[in-house]
Amino acid sequence: MSSISFLNQISSQVRNTKYPLTNVNLSQFEGVQKDIPLFKNVLLEDIAFLTKRFETLNLFRGCSVGCSHCLKDAKPIKNGTVLFEDLERFLDGFKLLSERFGFNVLQGNKYLNIIDDSNPSDIPIRGKSRTHSVIEGMKLIYDKINIPTIFVTSGWNRASKYAEANANELVYMIQKNPNSVASVEVSINPFSSLMEKSRNALKNDNKINADFFRNIYTERMAHTLAVFLKLFENGKAKVIYRHAPDYKKNELVGEKETRRLYEEIFSKLRKKVGSELENIPNLKPEILTAFDKSHLIESSGRGRQYFPPEVNLKEQNELIKEALEWDILSPEEKRKELLDYSIKCVDINGKVYTTMPAKKVDFISAPIEITVPTNIRLNYENKTEFSPIFSDIELE
């Protein structure tokens, strides 16, 4: 009996489960993906693996913002966008596979991140005949596979007409269809390259330059909040607010100074929008900057520089223990661990990698994530090799 003949035998109970492909006997259906370009030379078992806790479909890689606390140690990457035709190939591939099975093979996945180590505001997506906006990509994702996306930004250069148009188009898209985007998240912190320049100028007793760079940053973030104000009002947007732990060397990036930084941003925002802020209590400094452990950065990536050597050494020892325990697992045990507990991600060249929390590492606000590559590669046209997503320790 062919694999297609078995499709009608899948029970309604399985069809309606979370991550349904992981709940069927895949050996009966191997080949159902045949002739779908995305899945050329990809086993159904590997497709099912990807569909469980699938959270990141990278549209961009690399970042030029240069935040000094970056957990992903993100740096600029040449041609660091997905090929738009590969995005279409991905979405069409999973849409067609779902049609063949008669159920949504991505069922259970509530949202998609479109970045892992990027700021998507400024850069268009490459295409064969023209460039495409990130909003085109987000809209296409929702239209094809009905999963909303998350848009995270640390603001944009006011001189960028592209970024400004993108932001306004994003607001319009969400107002037209609130379900199309899960959330818009604005990152505000004292670690951007502009704030680094401001602090360096201050150290050299150059207050004019220090104020100059600080003003650019606070104006940029106030403008970003103003553009997304309607989304904050209806609960579709939020601020990711971060500062360093209270070690002596962190005075200029700690809780007190970061609160002062946000108060400046809020003051400028109030001048822009006036009474409209009355309906958005969560943007008020006394609420947003009230101490919460979630505001603290972790000792990971470039963020390690804000922690004492003994803290970093302790974490490295814990990561080494994690790696040693991983090494003694059998291939089957590793596969099962990644299937059940890791987040699945697709790079801009079709390579599949996973991230999972380090079990043995103490953390402050969020678990330290370890990136684990897989041997799975979707059949993207763009097969360029890129530097892998940063991980504090390699497990493979």
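Here we summarise the structure given alongside this text. Being a predicted model, the structure only gives us computed values, none of them experimental.

## Overview of the overall build of the protein
Scanning the protein from terminus to terminus reveals 13 helices and 8 strands. Rg of the C-alpha trace for the protein: 23 Å, near the compact-globule value of 21 Å for 396 residues, within the 12% margin. Projected onto its principal axes, the C-alpha coordinates of the protein cover approximately 80 × 50 × 40 Å. Long-range pairs, those at least 24 residues apart, make up 75% of the contacts in the protein with a sequence separation of at least 6.

## Let's talk about the pairing of strand S3 (residues 149-153)
Among the 5 residues of S3, 4 are classified as buried, and the element is accordingly described as predominantly covered. Crossover strand S2 (residues 112-113) to S3 through helix H5 (residues 134-145) is right-handed. Each parallel crossover has a hand, and the one from S3 via helix H6 (residues 161-176) to strand S4 (residues 181-188) is right-handed.

## Considerations on the packing of aromatic side chains
What the rule picks out here adds up to 11 aromatic pairs. Ring centres of Phe-29 and Phe-101 lie 5.6 Å apart, and the angle between their planes is 65°; on these two criteria the pair is classed as edge-to-face. Residue Phe-29 is located in the loop between helix H2 (12-15) and helix H3 (44-51), and its partner Phe-101 is located in helix H4 (residues 84-101); the two are separated by 72 residues in the primary sequence. Both residues of the pair, Phe-29 and Phe-101, count as buried. Aromatic side chains Trp-156 and Phe-228 sit 5.7 Å apart centroid to centroid with 75° between the ring planes, which places their arrangement in the edge-to-face category. Of this pair, Trp-156 sits in the loop between S3 and H6 while Phe-228 sits in the loop between helix H8 (207-227) and helix H9 (229-233), and the two are 72 residues apart along the sequence. Residue Trp-156 is classed as buried on the basis of its relative accessible area of 1%. Accessibility expressed as a relative area gives 0% for Phe-228, which makes it buried.

## Digging into the packing of H3 against H4
Orientation of H3 relative to H4, taken along the N-to-C sense of each, is 105°, at an axis distance of 13 Å. In terms of orientation, H3 and H4 fall into the roughly perpendicular class. Contact with H3, carried on its side by Leu-44, Ile-47, Leu-50 and Thr-51, involves Phe-94, Leu-97 and Phe-101 of H4 and no other residues of that element. Within the contact of H3 with H4, the residues separate by chemical class into 6 nonpolar, 1 polar and no charged.

## Observations concerning the pairing of strand S7 (residues 351-357)
For S7, the buried fraction is high: 5 of the 7 residues fall into the buried class. Across 6 bridges, the pairing between S7 and strand S8 (residues 369-377) is antiparallel. Residue pairing in the sheet places Thr-355 in a bridge with Thr-371 of S8.

## Some points on the nonpolar core
Phe-90, Phe-101, Leu-170, Leu-225, Phe-228 and Leu-283 are the most contacted members of the largest nonpolar core, which totals 99 residues. Per-element accounting of this core gives the leading share, 7 residues, to H4. Those residues in contact with Phe-90 that lie beyond four places of it in its chain are Leu-38, Phe-54, Leu-57, Val-346, Leu-378 and Tyr-380. Formed by 11 residues, the second largest nonpolar core is a distinct cluster that contains Cys-63, Ala-74, Ala-244 and Tyr-306.

## Some details on the side chain of Ser-391
Position of Ser-391 relative to the elements: it lies in the segment after S8. Look at Ser-391 and you get buried, because its relative accessible area is 16%. A polar contact of 3.0 Å, which involves the side chain of Ser-391, links it to the backbone nitrogen of Thr-371. There is a polar contact of 2.8 Å between the side chain of Ser-391 and the backbone oxygen of Ile-393. Not counting residues within four places of it along the chain, the set of residues in contact with Ser-391 comprises Glu-369, Ile-370 and Thr-371.

## Points about unusual backbone geometry
Of note, the phi angle at Asn-41 is positive, near 65°, even though the residue is not glycine. Even without being glycine, Asp-205 reaches a positive phi, approximately 60°. Within the element layout of this structure, Asp-205 appears in the loop between helix H7 (193-203) and H8. Relative accessible area serves as the criterion here: at 73%, Asp-205 is assigned to the exposed category.

## So, H3
Taken across its 8 residues, H3 has 7 buried, putting it largely inside the fold. Restricting attention to buried positions, one finds in H3 the residues Leu-44, Asp-46, Ile-47, Ala-48, Phe-49, Leu-50 and Thr-51. Along its buried surface, H3 packs onto strand S1 (54-57), H4, helix H13 (331-341), strand S6 (343-346), S7 and S8. Of the residues one or two after H3, Arg-53 is the one with positive phi, at around 60°.

Cut-offs applied
Residues numbered from 1 in each chain as written. Predicted model: local features only at pLDDT ≥ 70, side-chain atom pairs only at ≥ 80, totals over all residues. Heavy atoms only, no water. Helix = DSSP H or I, 4+ residues; strand = E, 2+ residues; numbered from the N terminus. Rg over C-alpha atoms; globule rule 2.2 N^0.38 Å. Contact = heavy atoms within 4.5 Å. Buried < 20%, exposed > 50% of the residue type's maximum accessible area, 1.4 Å probe, protein only. Right-handed = clockwise from strand over helix to strand, strands pointing away. Phe/Tyr/Trp six-rings, centres within 6.5 Å; stacked < 30°, edge-to-face > 60°. Axes fitted to C-alpha atoms, helices over the stretch in contact; angles between N-to-C directions. Parallel < 35°, antiparallel > 145°, perpendicular 65-115°, else oblique. Nonpolar A, V, L, I, M, F, W, Y, C, P; charged D, E, K, R; others polar. Pairing = 2+ DSSP bridges. Core = buried A, V, L, I, M, F, W, Y, C linked by side-chain atoms within 4.5 Å. Polar contact = N/O pair within 3.5 Å; in protein donor to acceptor, adjacent residues only side chain to side chain.

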